[in-house]
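A look at the structure
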Amino acid sequence: MRQGDTLYIDGEWTAADRGGTFPVTDPANGTEIGRAADAGRAETERAIAAAQAAFPGWSGRTAYERAAVLDTAHRLMTEQCEELAQLMTREQGKSLKAARNEVKYAADFLSWFAEEAKRVYGATLPSNRAGHRFFVLRQPLGVVSAITPWNYPVSMITRKVAPAIAAGCTMVLKPAEQTPLCAVAVFEILAEAGLPAGVANLVTTGRPAEVGEPLVTSPAVRKLTFTGSTQVGKLLAGQAAGDMKRLSMELGGHAPFVVFDDADPVHAAKGAALVKFLNTGQACICPNRIYVHRSIMDPFAAALVDRVKRLKIGRGDGGCDIGPLVDEAALAKVQRQVADATAKGARLLVGGERVLDEGLAQGQFFAPTVLADVDSTMTIYREETFGPVAALIPFDDEAEAIELANDTEYGLASYVYTKDLARALRFAEALQFGIVGVNDINPTAAAAPFGGVGVSGLGREGGAQGIDEYLDVKLVGISI
Ligand code: NAP
């Protein structure tokens, strides 16, 4: 694998114009693990021009040729799973087991969209006039800009790159500045798989606003696909509105996790722990509000606390469950939310503080935490936590539970635990979220549409819907 200090533009690995680089650190101890090329506006404009020049050739290839490149990339990523996972653990901090799972999930998008490339069907429609025909064509929409976050640094890239190039689009991708090395490794795989020059270009940078501006406003770019915070998503969507670019926005979440009194509280607590502490709480689908029927709150809380006490905190390569938070700002946010909740009456059942044990003091480790008696006056009730803090809130009946669950401007993931099938269906239909897990904490797969409503975003990634985001629909009317 490359060291990471190069951009990938028009099929060439190149340094940033003035040779600038920025440090990449291990979040578990703050040490520098490499450097990444620090692109600016000029390099980004060249990358967009390369994508524009490559578009006619790439979109003119058959779907089978495009699929073949994706199939090869899938094979290479699968073969390099261990190397990629090790890099991800060093750069992002998640456990090796979780990193291996992520690489497999990321590779799934390559093979899924290799197949979907061959299913970009059009249609013929009955016309209301004799001597007239309608055809509907679906065509690649052109050059795409992609901006990705650090928390899933490989799969968030393939979830965009695979459908874009399967559809026949060309693109420029800017990864998060915390995880550029994973992005370089993914692009090495694409290059080795035989992707022609200019089809996918990579600009790493420590100057997101400078690079973001041409990515989001260049007239050559027809679409922006963004995964990240709602705050930055809103800013970029505003910038992209100037010339009505197509948008896909995968933004923040504030997932409710509702446990009814007919559910097994121990089983539900196991599910809650697994999905709450996934990636140390740094996943957009992590529950932020855990609503438990008052009659089973005690056994649920006891089972959750018991599990939390058994979670191992430490470096991702040491077989640990809880890794570091990504940076100081993330740690400060978690500390602020816990202090605010306890000051307003929440009870701390376990955790609640930074971990400064030997070997961990240089990283941003926060003990997995359970807070009881959380209510709507507390910051954690509204603001995405993105850290290992479980907030428990009691409820008394189904009508109240649905009202509470929907009491958010976010709308990404949601969860309900119940053994009552009718209630499960009522709930799944009433929840105003893009994703509902019914007794299920992993309602995601490359074959399934992922995305949110409200301020959680626009569009869907994965599934049959994922490729639509990169296609324009064209109507052809023909008089004969
Ligand atoms: P973020 O701060 O919004 O950053 C996301 C990306 O946007 C990074 O590449 C960042 O670059 C870039 N960026 C920031 N300001 C920019 C600007 N002015 N112009 C252009 N690009 C800009 O989010 P994050 O902290 O990386 O990720 C965590 C968030 O992502 C959470 O809210 C989480 O819920 C959400 N997320 C959502 C999904 C989903 O599928 N819905 C999946 C994963 C994560 P820099 O790194 O250089 O700042």
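Let's talk about the overall build of the chain
A count of helical and extended segments in the chain gives 13 helices and 20 strands. For 480 residues, the compact-globule formula gives about 23 Å, and the C-alpha radius of gyration of the chain, at 23 Å, lands near that figure. Summarising its shape, the C-alpha atoms of the chain cover approximately 70 × 60 × 40 Å along the three principal directions. For the chain, with 480 residues in total, the buried portion stands at 55%. Counting only carbon and sulfur atoms, one obtains 53% of the accessible surface of the chain, whose full area is about 18600 Å². Here the chain holds 47 positive side-chain charges and 57 negative ones, and the gap between their average locations is 4 Å.

As for the pairing of strand E10 (residues 221-227)
Counting buried positions along E10 gives six out of seven residues, so the element sits mostly inside the fold. Here E10 runs beside strand E11 (residues 246-250); their pairing, made up of five bridges, is parallel. Each residue of the ladder has a partner; that of Thr-225, found in E11, is Ser-248. With helix H8 (residues 230-240) bridging E10 and its parallel neighbour E11, the resulting β-α-β unit is right-handed.

What to know about the pairing of strand E18 (residues 435-438)
Every second residue of E18 is oriented toward a common face, the buried set being Ile-435 and Gly-437 and the non-buried set Val-436 and Val-438. With four bridges connecting them, strand E17 (residues 413-417) and E18 associate as parallel partners. Each residue of the ladder has a partner; that of Tyr-415, found in E18, is Gly-437. For the crossover from E17 across helix H13 (residues 421-430) to E18, the handedness is right-handed.

A word on the packing of aromatic side chains
One pass over the full model with this rule turns up nine aromatic pairs. Ring centres of Phe-260 and Phe-395 lie 5.3 Å apart, and the angle between their planes is 85°; this geometry places the pair in the edge-to-face category. You can see Phe-260 sitting in the loop between strand E12 (255-259) and helix H9 (265-276) and its partner Phe-395 sitting in strand E16 (residues 389-395), a full 135 residues away along the chain. Of the two residues examined, Phe-260 and Phe-395, each falls in the buried class. Aromatic side chains Phe-260 and Phe-427 sit 5.3 Å apart centroid to centroid with 90° between the ring planes, which places their arrangement in the edge-to-face category.

Let's talk about the sheet that holds strand E5 (residues 123-125)
Read from one edge of the open sheet, three strands run E5-E6-E20, paired in antiparallel fashion. The two strands at the open ends of the sheet, each matched to only one other strand, are E5 and strand E20 (471-479). Geometrically, the sheet is characterised by an average inter-axis angle of 25° between neighbouring strands, direction not taken into account. Strand direction decides the pairing type here: strand E6 (residues 132-140) and E20, joined by nine bridges, are antiparallel. Across the sheet, residue Pro-140 finds its bridge partner in E20, namely Leu-471.

Overview of the environment of Ile-290
Relative to the helices and strands, Ile-290 resides in strand E13 (residues 287-293). With 18 residues separating them along the chain, Ile-290 and Ala-272 place their C-alpha atoms 8.0 Å apart. With sequence-adjacent residues up to four places away left out, Ile-290 is seen in contact with Phe-257, Ala-272, Phe-300, Ala-390, Ala-391, Leu-392 and Ile-393.

Observations regarding the domain arrangement of the chain
Structurally, the chain comprises domain 1 (7-251 + 455-479) and domain 2 (255-445). Each of domain 1 and domain 2 has a C-alpha centre, and these two points are 31 Å apart. With 21 residues of domain 1 at the contact, the number on the domain 2 side is 26 residues. Surface buried jointly by domain 1 and domain 2 totals about 1900 Å² across both partners, of which 54% is contributed by carbon and sulfur atoms. Here domain 1 and domain 2 share one salt bridge between them. Residues Arg-315 and Asp-26 are paired through a salt bridge, measuring 2.9 Å at the closest nitrogen-oxygen approach. Our count for the contact surface shared by domain 1 and domain 2 stands at eight residue pairs in polar contact (both at pLDDT 80 or more). Listed by contribution, the elements that provide at least two residues to the side of domain 1 that touches domain 2 are helix H3 (81-92) and helix H4 (96-116). Tallied by class, the residues present in the side of domain 1 that touches domain 2 amount to eight nonpolar, 10 polar and three charged.

Definitions and limits used
- Residues numbered from 1 in each chain as written.
- Predicted model: local features only at pLDDT ≥ 70, side-chain atom pairs only at ≥ 80, totals over all residues.
- Heavy atoms only, no water.
- Helix = DSSP H or I, 4+ residues; strand = E, 2+ residues; numbered from the N terminus.
- Rg over C-alpha atoms; globule rule 2.2 N^0.38 Å.
- Buried < 20%, exposed > 50% of the residue type's maximum accessible area, 1.4 Å probe, protein only.
- Areas by Shrake-Rupley, 256 points an atom, 1.4 Å probe, with all protein chains shown as cover.
- Lys, Arg positive; Asp, Glu negative; His and termini not counted.
- Charge placed at Lys NZ, Arg CZ, Asp CG, Glu CD.
- Pairing = 2+ DSSP bridges.
- Right-handed = clockwise from strand over helix to strand, strands pointing away.
- Phe/Tyr/Trp six-rings, centres within 6.5 Å; stacked < 30°, edge-to-face > 60°.
- Axes fitted to C-alpha atoms, helices over the stretch in contact; angles between N-to-C directions.
- Contact = heavy atoms within 4.5 Å.
- Domains from an automatic or database assignment.
- Buried area = accessible area lost by both parts, 1.4 Å probe.
- Salt bridge = Lys/Arg side-chain N within 4 Å of Asp/Glu carboxyl O.
- Polar contact = N/O pair within 3.5 Å; in protein donor to acceptor, adjacent residues only side chain to side chain.
- Nonpolar A, V, L, I, M, F, W, Y, C, P; charged D, E, K, R; others polar.

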